[in-house]
Every structure is written in structure tokens, then in C-alpha cells.
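Residue-level structure breakdown
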Amino acid sequence: MGLARRMLRGLQRVSNSDPLSPVQSLRLVGSQNTKAGRDNALCRIVELNPGCYPLEAFAPLLPRPTVKPPSAPPRRRSNQRSSNHTINPAVLRIVNDQLTRLGYVQQGDWLSGPCLHPAQHQHGDVHHSFGFNVQSGYGNCFRCGSILLKDICHTLGIQPADYGGLFV
Ligand SMILES: [Zn+2]
């Protein structure tokens, strides 16, 4: 019924006629329109093409489907797993221990101290712009930006594989 209604609306549009409902369109040829103001108009055939029309013939009358923005493809399991990974707490602990031994100072979740990439700093980062988040395993430096745990491990000479890998 919904499809018929949409097609009739399309017919109405192209023929500039009154809105049609499926019921109205079943008005029989030879019957009279008894509605007020219609003066008992006789229903007659304006044009007749023998045969019948396939539904598809009216398809161009249908309103164009609104173009939806392409939706993101469903995530594959492997993607999901890698985005939901949990950092291996054993690796976090060993990095934490090592930075503490090196004199990094803990404040809340952050261990702060000199950047692990002093070469990228003008004075070897004497002003300490680096922090290591002991919860997330991310390092952050005002100059270098975020530093991944794997790079921190690399710099500190820690092999995550020795502790079961970076992620669990
Ligand atoms: Zn830095």
C-alpha cells in the first residue's frame, strides 16, 4: 500500500492533478463522483492503452531515495580486538620501576622527568617536559608529543616480549 501511495503521488505530481489515494484511484469508469462540488461528474477514460503496466514502469515516479552518507563498514573482529587491547600490567610495572629508578617523580598517575628523546630538545630537556602515564602506558612530552609505550620500552631497553608482550 505504501508503494502504491508513493506511485500515485508521483502520478499526481507529473499530471498536476488532485492528490490520489489508492481508494480514489479505484473509482470505476462509468460511475459518478458524488462528492460535493463535483456535480456528479462521470468517471471516464481519458486515455487507454491496452494491456497492463508492470509496476516498474512507474518506478521513475517514485521519490528518489535520500542519499545516505556512506556508513562506516562494520568493524572486523581483528580491528575490534586491537582497539580494545589492554596494556600488559607487567610491562607498565617494569617501565614504572625503571623510570622511578632513574629519578622520575610520581604525581598522581604521572611520572615526570626528562624526555626520553633529549636529542629532540634544545638543552637535552633539562626542564623536564616528559611525563609517563602509569595507567595508560602513554608517554607525553611537550615537545615530542605522545610517545607510545613500545617506543618507551625500546628507549629504556625493555623487551615487552620478556613479560608476555605489550598487550594482554
Ligand atoms: Zn621530548
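This text follows the structure it describes.
Residues numbered from 1 in each chain as written. Predicted model: local features only at pLDDT ≥ 70, side-chain atom pairs only at ≥ 80, totals over all residues.

1. Quick word on the sheet that holds strand S3 (residues 105–107)
The five strands lie next to each other as S3-S4-S5-S6-S7, forming an open sheet whose pairing is antiparallel. The sheet is open, and its two borders are formed by S3 and strand S7 (145–147), each paired with just one other strand. Sheet twist, expressed as the average angle between the axes of neighbouring strands with direction ignored, equals 25 degrees. Where strand S5 (residues 130–133) meets strand S6 (residues 139–141), three bridges bridge the pair, whose relative direction is antiparallel. Considered in S6, the bridge of Phe130 is made with Cys141. Running over the sheet, helix H3 (residues 89–101) touches strand S4 (110–113) and S5 and is turned about 35 degrees from S4. (Pairing = 2+ DSSP bridges. Helix = DSSP H or I, 4+ residues; strand = E, 2+ residues; numbered from the N terminus. Axes fitted to C-alpha atoms, helices over the stretch in contact; angles between N-to-C directions. Contact = placed C-beta atoms within 7 Å.)

2. Let's talk about the packing of H3 against helix H4 (residues 149–156)
Orientation of H3 relative to H4, taken along the N-to-C sense of each, is 50 degrees, at an axis distance of 11 Å. Between H3 and H4, the crossing angle belongs to the class labelled oblique. Judged by the twist between their axes, the crossing of H3 over H4 is left-handed. In this structure, H3 contributes Val91, Val95 and Gln98 to the contact, and H4 contributes Leu149, Ile152, Cys153 and Leu156. Split by residue class, the contact of H3 with H4 holds six nonpolar, one polar and no charged. (Parallel < 35°, antiparallel > 145°, perpendicular 65-115°, else oblique. Left-handed = near helix turned anticlockwise from the far one by under 90°. Nonpolar A, V, L, I, M, F, W, Y, C, P; charged D, E, K, R; others polar.)

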